[in-house]
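# Descriptive analysis of the structure
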Amino acid sequence: MDAKKGYVGLTDPDWYSFLAERPRVDEVNFWQPHGGRAFHAIAPGAPFFFKLRAPYKSIGGFGFFERYEALPAWLAWECFGEMNGAPDFQTMIDRITRLRGDDDGRMGNFQIGCIMVTAPVFFQQEEWVRPPDDWARSGIQQGKIYALDSGEGSRLFRECLDRAQQGNHYWNVERIEEAPARYGAPIEVKPRLGQGLFRLAVRDAYRGACAVTGEHSGPVLEAAHIVPYARGGEHRIDNGLLLRSDLHRLYDRGYVTVTPDYDFLVGEKLRNDFNNGRGYYSLSGSKIAIPSTVTHKPSRERLEWHMAQIFQG
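Presented here is a report on the structure given in the accompanying data block. (Residues numbered from 1 in each chain as written. Predicted model: local features only at pLDDT ≥ 70, side-chain atom pairs only at ≥ 80, totals over all residues. Heavy atoms only, no water.)

### So, the pattern of salt bridges
Taken as a whole and judged by the stated rule, the model has 17 salt bridges. Where arginine 155 meets glutamate 152, a salt bridge forms, and the shortest distance between an N and an O atom there is 2.8 Å. Taken together, the positions of arginine 155 and glutamate 152, both in helix α4 (residues 151-164) and three residues apart, correspond to about one turn of that helix. Taking the relative accessible area as the measure of exposure, arginine 155 reaches 14% and is therefore buried. For arginine 155, the salt bridge is made with glutamate 159, and the minimal N-O distance between the two is 3.5 Å. Highlighted residues: arginine 155 and glutamate 159, both in helix α4, separated by four residues, approximately one helical turn. One connected set of salt bridges, linked through shared partners, spans Arg67, Glu69, Arg203 and Asp204. (Salt bridge = Lys/Arg side-chain N within 4 Å of Asp/Glu carboxyl O. Helix = DSSP H or I, 4+ residues; strand = E, 2+ residues; numbered from the N terminus. Buried < 20%, exposed > 50% of the residue type's maximum accessible area, 1.4 Å probe, protein only.)

So, in structure tokens, the structure goes:
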């Protein structure tokens, strides 16, 4: 990661309070009510600090910026759910439309800006970190970039890291390493992807098309885990397939599978259980589309696992 710069973003206390009460938070969507201004302040992997609005004004937590994208509000909810900082879709839409000054759009078809942050940690009030000494006192500053190898940026990062590693904080990271001083980066942190970022990464890898049918209609496309998360599968692109929603359900239940040679197969059990399936058997034996990036291609080992452990034949 590029640990030389971090970003302090002004944060809504209601968003913060809701997420701070969740026991396990792998990722969050730090949304903006309008999606017309892209976020390019820091590189993926750089720290993103949550500075609470008045009257609190402290740093209440932090995470690591992963990506920015303007998304329809409905898709942001489908990807991140409560990790949008709201208990339900309607509450999120009410907050956004109020900030937009727009009462039309209750279906969430409008675009919002999504600053996606992985491995967030939310501190208890007694752990809050003093904000940067040079933060504008006028109240109009929305965010600011800080160098992490000196000054206030270095202090913020060190204090936040110390708090994250103390107490009982859940923290979705693979490892933390001190980087050699000659590189100028104080610490290397490797966050893990969460469910929402996994969904978007798999969508991108398959260019927004179902791997089996080529269907491009966004609302019916879902990122399927080859090895289910509940059974130890990771949120990795090579553990994912972009499938039409009906195929995703059949895949999870073992009625269909994908071979290590990337052939789509439909088992006889589908016909036996439901006395139907004509629309699916016509797809059996076809090659699936796979990502062009080698590291994004479905893992052959995981596909073998699905055939042996999930597929009912």
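This is not the end of the story, as more comes after the structure.
### Quick word on the packing of helix α2 (residues 73-80) against helix α3 (residues 89-100)
As a packed pair, α2 and α3 sit with axes 11 Å apart at the nearest point and diverge in direction by 140 degrees. Viewed along their axes, α2 and α3 adopt a mutual orientation that is oblique. Considering how the two elements wind past one another, α2 and α3 form a crossing that is right-handed. On α3, the residues touching Ala73, Trp74 and Trp77 of α2 are Phe89, Met92 and Ile93. Its residues placed into classes, the contact of α2 with α3 shows six nonpolar, no polar and no charged. (Axes fitted to C-alpha atoms, helices over the stretch in contact; angles between N-to-C directions. Parallel < 35°, antiparallel > 145°, perpendicular 65-115°, else oblique. Left-handed = near helix turned anticlockwise from the far one by under 90°. Contact = heavy atoms within 4.5 Å. Nonpolar A, V, L, I, M, F, W, Y, C, P; charged D, E, K, R; others polar.)

### Looking at the packing of α2 against helix α5 (residues 195-205)
Where α2 contacts α5, the axes come no closer than 7 Å and their chain directions differ by 120 degrees. By the angle between their axes, α2 is oblique relative to α5. Here Leu75, Glu78, Cys79 and Phe80 of α2 lie close against α5, whose contacting residues are Gly196, Leu197, Arg199, Leu200 and Arg203.

### Quick notes on the environment of histidine 34
Tracing the sequence through the fold places histidine 34 in the loop between β2 (27-32) and β3 (47-52). The exposure class assigned to histidine 34 is partly exposed, which follows from its relative accessible area of 45%. Taking C-alpha positions, histidine 34 is 48 Å from aspartate 273, a pair spaced 239 residues apart along the chain. Look past the residues within four positions of histidine 34 in its chain and what remains in contact with it is Arg100, Gln111, Ile112 and Gly113.

### Some points on α3
An α-helical turn contains 3.6 residues, so any two residues separated by three or four positions project in the same direction. With 12 residues, α3 ought to run about 16 Å at 1.5 Å a step, and its terminal C-alpha atoms sit 16 Å apart, in line with that. Against the buried residues of α3 lie α1 (13-20), β2, α2 and β5 (111-122). Structurally, the start of α3 carries an N-cap: the backbone nitrogen of glutamine 90 is 3.3 Å from a side-chain oxygen of aspartate 88. One or two residues past the end of α3 sits glycine 101, with phi positive at roughly 70 degrees. (Expected span 1.5 Å × (residues − 1). Polar contact = N/O pair within 3.5 Å; in protein donor to acceptor, adjacent residues only side chain to side chain.)

### Details of the pairing of β5
β5 sits mainly inside the fold: 11 of its 12 residues count as buried. Alignment of β2 against β5, held across six bridges, turns out to be antiparallel. Counted as the bridge partner of tryptophan 31 is cysteine 114 from β5. Note: strand β4 (residues 59-72) against β5, 10 bridges, orientation antiparallel. Paired with phenylalanine 64 across the strands is threonine 118, a residue of β5. (Pairing = 2+ DSSP bridges.)

### A few points about the environment of tyrosine 146
Within the secondary structure, tyrosine 146 is located in strand β6 (residues 143-147). Separated by 10 residues in sequence, tyrosine 146 and alanine 136 have C-alpha atoms that sit 14 Å apart. Sequence-distant contacts of tyrosine 146, defined by excluding residues within four places in its chain, comprise Lys4, Lys5, Gly6, Val8, Pro132, Asp134, Trp135, Glu152 and Gly153. In terms of polar contacts, tyrosine 146 uses its side chain to reach the side chain of aspartate 134, at 2.7 Å.

### Considering α5
If you check which residues of α5 are buried, you get Gly196, Leu197, Phe198, Leu200, Ala201, Val202 and Ala205. Structurally, α5 contributes buried residues whose contacts are with β2, β4, α2, β5, β9 (221-225) and β10 (240-244). One or two positions beyond α5, positive phi appears at arginine 207, with a value near 55 degrees.

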